[in-house]
Amino acid sequence: MTTTVSFTVATADGPRQVSVAYERTGSGEPLLLLHGIGHHLRAWDPVTRILAAEREVIAVDLPGFGTSPALPDGVSYDPGTVVPVLGAFCAELGLDRPHVAGNSLGGLLALEMGRTELARSVTALSPAGFWTEAERRYAFGTLRTMRRSALALPVPLIERLSRSAAGRAALTSTIYARPGRRSPEAVVAETFALRGATGFHQTLEVGRGAFFGEDVKGVPVTVAWGTLDRILLRRQGVRAKRVIPDARLVRLPGCGHVPMNDDPALVARVILDTSR
């Protein structure tokens, strides 16, 4: 079941309280899972059971997404602010430098956690931050279109579309290469998560300057990219390898931008191999 924890973080305006929703399962070394923009912790459901056989898995709703409340007024959604919030979250739960895996926005945050010594290993699945300016504008335009479409669709139509493979493709084919594999309930839930993401616009706004340009030293790093990623094109993985020379660069055949649904066994193996 989802649990919410509240804790205090330091900001330019003094201490502020932040709340984060999460789910915790399994046993072993801790593994923190971070989703992408507009998504929620349910994105990891296809791989959670596999990972929990070897790791204590903590999947979170990032602040302003899923069921986690928005950050306090005046607190930025940029990685330089969100990563310390995640560090405070880990401290509150007694997690000592967990392994971290993230997708898209979550991949960028995972790499930053590795760079700032908050993670003991990092697996970044199609991480943000390795784009050219043209690629960033394309990705942000696609995300805004997805958000507008989710907001425009009546709830009964979303529910009706989710009941067929063709309808699920219409709703989620931008992020999944195999949308038919996603359950109707999951598709409805993630469409609602995109509609209700209070941190969506603020995250995109600060994301204009989000470029990851520093090496991540001292921890194992894997960067993995789906060959059918339609949001962050796979050539960005080559740039990531140039920035982080010791990283393992992995190709995820037949996977889209959110690969956990497209090939759960492969994604889980990549994460576990890195965390070993």
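All figures in this text were calculated on a predicted structure; none of them were measured in a lab.

### Thoughts on unusual backbone geometry
Leave glycine aside and you will find that most residues have negative phi; peptide bonds, for their part, are mostly trans. For Glu117, which is not a glycine, the phi torsion comes out positive at approximately 65 degrees. Its place among the elements puts Glu117 in the loop between α3 (105-115) and β6 (121-125). Taking relative accessible area as the criterion, Glu117 reaches 60% and is therefore assigned exposed. Of note in the backbone geometry, Ser126 takes a positive phi value of approximately 45 degrees without being a glycine. Since its relative accessible area comes to 0%, Ser126 is described here as buried.

### Overview of the environment of Glu205
Inspection of the secondary structure assignment puts Glu205 in helix α8 (residues 200-207). The class for Glu205 is partly exposed, based on a relative accessible area of 47%.

### Some points on the pairing of strand β1 (residues 3-11)
Pairing of β1 with strand β2 (residues 14-26), which is carried by nine bridges, proceeds in the antiparallel orientation. Looking across to β2, one finds that Thr11 is bridged to Gly14. In textbook terms, the turn of a hairpin is the stretch between consecutive antiparallel strands, and for β1 and β2 this stretch comprises two residues.

### A short note on the side chain of His39
Residue position: His39 is located in the loop between β3 (29-34) and α1 (45-52). The residues contacting His39, other than those within four sequence positions of it, are Phe65, Gly66, Ile175, Tyr176, Glu190, Ala193 and Val258.

### Regarding α1
Regarding α1, the residues found buried are Val47, Thr48, Leu51 and Ala52. Take α1 and look down its axis: the buried residues cluster within an arc of 130 degrees, on one side only.

Reading the values: the criteria
Note on numbering: residues in each chain are counted from 1, in written sequence order. Reporting in this predicted model follows two pLDDT cut-offs: at least 70 for local features of residues, and 80 or more for side-chain atom pairs to be given and counted; totals over whole chains, interfaces and linings ignore these cut-offs and use all residues. Note that water and hydrogens are dropped before the side-chain values are worked out from all heavy atoms of the structure. Helix and strand definitions here come from DSSP, where helices need a minimum of 4 consecutive H or I residues and strands a minimum of 2 consecutive E residues; each element is numbered from the N-terminal end. Buried, partly exposed and exposed residues are distinguished by accessible area as a fraction of the type maximum, computed with a 1.4 Å probe on protein chains only: under 20%, between the cut-offs, and over 50%, respectively. Here, strands pair whenever DSSP counts at least two bridges between them. Contacts are residue-level and defined by heavy atoms, with any inter-residue pair within 4.5 Å sufficient. For this quantity, the arc is that covered by the directions from the helix axis to the C-beta atoms.

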